[in-house]
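Fold and contact review
Here are the chains, one letter per residue:
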Amino acid sequence: MNAIPFVLAGAQLLIPLASDAAEPGQAQTLNSIGMQLVRIPAGNFIMGSEESADSLAKAFPHLPRKRFENLQDEAPAHPVRISRDFWLGAHEVTVGQFRRFVEASGFVPESIQDGTGAYGYRKDYDPSLTVRGDAFEGRNPRYSWLNPGFAQTDAHPVVNISYADAQSFAAWLSRIEGQHYRLPTEAEWEYAARAGTRTRYHSGDDPASLLKVANVFDADSAVNWPRWTDMALSGHDGYAFTAPVGSFAPNAWGLFDMHGNAWEWVSDWHDDDYYAKSPEVDPQGPATGDARVRRGGSWHTWPFYARASYRNYNEPSSRYTLLGFRVVREISSSGTP
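Residues numbered from 1 in each chain as written. Predicted model: local features only at pLDDT ≥ 70, side-chain atom pairs only at ≥ 80, totals over all residues. Heavy atoms only, no water.

Bringing unusual backbone geometry into the picture now. Following alanine 75, the chain continues into proline 76 via a peptide bond in cis, with omega recorded as 0°. You can see proline 76 is positioned in the loop between helix 1 (53–59) and strand 6 (78–82). Along the chain, glycine 138 connects to arginine 139 via a cis peptide bond; the corresponding omega equals -10°. Along the chain, arginine 139 turns up in strand 9 (residues 137–140). A positive phi angle, near 60°, is found at asparagine 160, a position not held by glycine. With respect to the helices, strands and loops of the structure, asparagine 160 is situated in the loop between strand 9 and helix 4 (163–177). According to the relative accessible area criterion, asparagine 160 is buried, its value standing at 0%. Even without a glycine there, the phi angle at aspartate 282 is positive, about 50°. Tracing the chain through its elements places aspartate 282 in the loop between strand 11 (263–269) and strand 12 (292–295). On the accessibility criterion, aspartate 282 (27% relative accessible area) is partly exposed. (Helix = DSSP H or I, 4+ residues; strand = E, 2+ residues; numbered from the N terminus. Buried < 20%, exposed > 50% of the residue type's maximum accessible area, 1.4 Å probe, protein only.)

Here the focus is the sheet that holds strand 7 (residues 86–89). Picture the strands of a sheet paired through backbone hydrogen bonds; they go either parallel or antiparallel. In spatial order, the strands read 3-4-7-15-10; together these five strands make up an open sheet with antiparallel pairing. With partners counted over all chains shown, the strands left at the sheet margins are strand 3 (28–30) and strand 10 (181–182), one partner each. The pairing of strand 3 with strand 4 (residues 36–40) spans three bridges and is antiparallel. Among the inter-strand pairings, leucine 30 is bridged to a residue of strand 4, identified as glutamine 36. (Pairing = 2+ DSSP bridges.)

On to the environment of aspartate 290. Take aspartate 290: it is sitting in the loop between strand 11 and strand 12. The exposure class assigned to aspartate 290 is exposed, which follows from its relative accessible area of 70%. C-alpha separation for the pair aspartate 290 and asparagine 224, spaced 66 residues apart in sequence, amounts to 33 Å. With sequence-adjacent residues up to four places away left out, aspartate 290 is seen in contact with Trp269, Glu315 and Pro316. (Contact = heavy atoms within 4.5 Å.)

Attention shifts here to the pairing of strand 7. The alternating pattern of strand 7 places Phe86 and Leu88 and Trp87 and Gly89 on opposite faces, both of which are buried. By the bridge criterion, four bridges tie strand 4 to strand 7 in an arrangement that is antiparallel. When the sheet's bridge partners are listed, arginine 39 is paired in strand 7 with tryptophan 87. Sheet topology note: the strand 7/strand 15 (residues 328–330) ladder contains three bridges and is antiparallel.

Relative to the 21 Å expected for 15 residues at 1.5 Å per residue, helix 4 spans 22 Å between its end C-alpha atoms, a close match to the ideal helical length. What helix 4 keeps buried is the set Tyr163, Asp165, Ala166, Phe169, Ala170, Trp172, Leu173, Ser174 and Glu177. On its buried face, helix 4 sits against helix 2 (95–105), helix 3 (110–113), strand 10, strand 11, strand 12 and strand 15. One or two steps after helix 4, the chain reaches glycine 178, where phi turns positive at roughly 70°. (Expected span 1.5 Å × (residues − 1).)

So, about the layout of surface pockets. Here the largest pocket is characterised by a volume of approximately 970 Å³. Counting residues per element, the lining of the largest pocket draws most heavily on strand 13 (residues 312–314), which supplies three residues. Among the residues forming the lining of the largest pocket, the class breakdown is 13 nonpolar, ten polar and ten charged. (1 Å grid on protein atoms, 1.4 Å probe; cavity = no way out; pocket = protein on both sides within 12 Å on 5 of 7 lines; lining within 4 Å. Points joined across faces, edges and corners; volume = space filled by probe spheres on them. Nonpolar A, V, L, I, M, F, W, Y, C, P; charged D, E, K, R; others polar.)

For the rest of this paragraph, the subject is the packing of aromatic side chains. Considering all chains together, one arrives at 30 aromatic pairs under this definition. On the basis of an interplanar angle of 55° and a centroid distance of 4.9 Å, the ring pair of tyrosine 121 and phenylalanine 241 is categorised as tilted. Here phenylalanine 241 lies in the loop between helix 7 (219–222) and strand 11 and tyrosine 121 lies in the loop between strand 8 (118–120) and strand 9, a separation of 120 residues in the sequence. Comparing tyrosine 121 with phenylalanine 241, the two get one shared label, buried. Through a chain of ring-to-ring contacts, three or more aromatic side chains come together here, namely Phe60, Phe68, Trp228, Trp263, Trp302, Phe304, Tyr305 and Tyr310. The ring centre of tryptophan 269 lies 3.7 Å from the NZ or CZ of arginine 292, which sits over that ring. Lying across the ring of tryptophan 263, arginine 294 places its NZ or CZ 4.7 Å from the centre. (Phe/Tyr/Trp six-rings, centres within 6.5 Å; stacked < 30°, edge-to-face > 60°. Lys NZ or Arg CZ within 6 Å of the ring centre and 35° of its normal.)

One pass over the full model with this rule turns up two cavities of 30 Å³ or more. Space inside the second largest cavity adds up to approximately 30 Å³. Taken together, the residues that form the lining of the second largest cavity break down as five nonpolar, one polar and two charged.

Let us look at a nonpolar patch on the surface. There is a patch of nonpolar side chains on the surface, built from Val108, Ile112 and Leu146 and spanning about 250 Å² of accessible area. Positionally, valine 108 belongs in the loop between helix 2 and helix 3. Judged by relative accessible area, which is 34%, valine 108 ranks as partly exposed. (Patch = residues over 30% accessible without salt bridge, like charges linked within 9 Å, V, L, I, M, F, W, Y side chains within 5 Å. Areas by Shrake-Rupley, 256 points an atom, 1.4 Å probe, with all protein chains shown as cover. Salt bridge = Lys/Arg side-chain N within 4 Å of Asp/Glu carboxyl O.)

To continue, consider the sheet that holds strand 13. Pairing within the open sheet is mixed, and its four strands lie in the order 13-12-11-14. Each edge of the sheet is formed by a strand with only one pairing partner; in this case those strands are strand 13 and strand 14 (323–324). Pairing geometry for strand 12 and strand 13, over three bridges, is antiparallel. Note on strand 13: the bridge partner recorded for arginine 292 is asparagine 314.

What follows is the structure, given as structure tokens:
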């Protein structure tokens, strides 16, 4: 049995790697809208990170050291048990899948419903002339899931999605299929993203390894933000903005874009100190909060922030040109999908 040591309360435990489960990620299915789902096996893993500031500073020399000293919400690293198998989207929800939902249900996404719009890319936009100094223009009614400021096809990940938009999509899928769809918990997301690994990325510790598995901020994206060239991977992944889902290699469990392409909403409220009091079995996150967690990084994300353990968060009403989601379909207690 492969296992990793973990010290807890002075005793060393051996936590079996999730890869010990029978053929993780091998079972796949298509749902009624053609969404590919991968069966994720129940299992154990170590959630979070306690990597030192010195180690991170060495790996990411262009970032100021204070960035590495403000990661308390990733610690303590702690054992987590995912007690039941679940189906997870192999890909992020696409523009085409979200379009089908909107057209079939009549749902109006928040960016359109409240008239304030979303964020988007504009070539001549100058962040230095704005109060927030944000990399993107917004909120502006011209932007929504239909227009993030750059071209997308139905195969690209949908972005500018609020938390309520994502929840409504899952509820609609649940109704039309008679199954229970929802956002993954933060623990389910990290468990699936790691796919049995303990490295910064499922591709290893080296940020350059992302070029094969993730659409993140690299030389192609940096052309549009030259002031951040030092933060970009030096290689080219071929995409200045989002990439069609599945354009890069999957992790060991057959999941694509768990790093990069679009940030993904998860169901948990954010709390800096939650890991210190989190239950070991199926943690659901804090009962209340002001911001929901998002995971995984995006096409515009510097490699440091695309690490498997990194936690970001937004107010639920946020609709941002980097932010999308993927869904879980639960498996009933009888074992049937």
